[in-house]
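Each chain, letter by letter, is given below.
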Amino acid sequence: MPSCPWPAISCYLLSFLLDEVDGSVARAMDQCSRFGAMMDMLTDRCATTCLLLNLSLLYPSYTFLFQLSLCLDISGHWLYMHSSSIKGSASHKTIDLSENPVLRVYYTNWTFMLVVCYGYELFFCLLYLLHHLQEPAAWFYWLLGLCGIICLLKTFINLVHLVTAAQDIAALDAADREKRQ
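Residues numbered from 1 in each chain as written. Predicted model: local features only at pLDDT ≥ 70, side-chain atom pairs only at ≥ 80, totals over all residues. Heavy atoms only, no water.

(A) Main features of the overall build of the protein. Along its length, the protein carries 6 helices and 0 strands. Listing the helices and strands of the protein from first to last along the sequence gives α-α-α-α-α-α. Counting only C-alpha atoms and orienting by the principal axes, one finds that the protein spans roughly 65 × 40 × 25 Å. The long-range fraction of contacts in the protein, counting pairs at least 24 apart against all pairs at least 6 apart in sequence, stands at 72%. Accessible area of the protein: about 10,700 Å², with a carbon and sulfur share of 69%. In the protein, which carries 10 positive and 15 negative side-chain charges, the distance between the mean positions of the two groups comes to 8 Å. (Helix = DSSP H or I, 4+ residues; strand = E, 2+ residues; numbered from the N terminus. Contact = heavy atoms within 4.5 Å. Areas by Shrake-Rupley, 256 points an atom, 1.4 Å probe, with all protein chains shown as cover. Lys, Arg positive; Asp, Glu negative; His and termini not counted. Charge placed at Lys NZ, Arg CZ, Asp CG, Glu CD.)

Here is the structure:
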């Protein structure tokens, strides 16, 4: 990845496109499963982790921010998926409309969710390319700035995932303790 930026980024972005196709086909053919959802989330987090590890090498002064982003991304997704599972939800994307308003907008507006997810990933891809480009065009910086704003929004959503899931699990634990008494 450090020496071949265009093939690396092309493969990375293609994997996210194919991930979307895979999910759409699974839903259309009624082939969704908890295992598939968990594997989908896991492979997405692994791919992002690899890219952010490379960015940490290319931009060492920003390593802490990349690490923070990774921690929120992984822990937020994992805990939210886990809490959805123990609540008996068929999918972490199936949301009770009375739940957190941020997550309600995120999961009920498919276009918004795709823009946020792809903007988040594209921001990191653009940072990677920036390191390898001699003189990026003005539009490149404009797109980088736009995706940077989207990245901040997605990071906030990851934090909301984490807090909401922690609250849900704490409430389930409290209910279990009440039943035992």
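Let us keep going from here.
(B) Representation of the nonpolar core in the model. Membership of the largest hydrophobic core comes to 23 residues, with the highest contact counts inside it found for L51, L55, F66, F123, F124, L127 and Y128. Contributions of two or more residues to this core are made by α1 (5-28), α2 (34-58), α3 (63-86), α5 (110-132) and α6 (138-180). The dominant element in this core, judged by the number of residues it contributes, is α5, at 8 residues. Y106, Y107, V160 and I169 belong to the second-largest nonpolar core, a separate cluster that totals 11 residues. (Core = buried A, V, L, I, M, F, W, Y, C linked by side-chain atoms within 4.5 Å. Buried < 20%, exposed > 50% of the residue type's maximum accessible area, 1.4 Å probe, protein only.)

(C) Expanded view of the packing of aromatic side chains. Overall, the coordinates contain 7 aromatic pairs when judged by the stated rule. Aromatic pair F66 and F124: ring centres 6.5 Å apart, planes at 70°, arrangement edge-to-face. Of this pair, F66 sits in helix α3 while F124 sits in helix α5; the two residues are 58 residues apart in sequence, bridging distant segments of the chain. The exposure classification of F66 matches that of F124, with both residues buried. (Phe/Tyr/Trp six-rings, centres within 6.5 Å; stacked < 30°, edge-to-face > 60°.)

(D) Broad picture of a nonpolar patch on the surface. Together, L14, L17, L18, V21, V25 and M29 make up an exposed nonpolar region whose accessible area comes to about 570 Å². Tracing the chain through its elements places L17 in helix α1. A relative accessible area of 52% means that L17 is categorised as exposed. (Patch = residues over 30% accessible without salt bridge, like charges linked within 9 Å, V, L, I, M, F, W, Y side chains within 5 Å. Salt bridge = Lys/Arg side-chain N within 4 Å of Asp/Glu carboxyl O.)

Everything listed here is a matter of geometry and, on its own, says nothing about what the molecule does.
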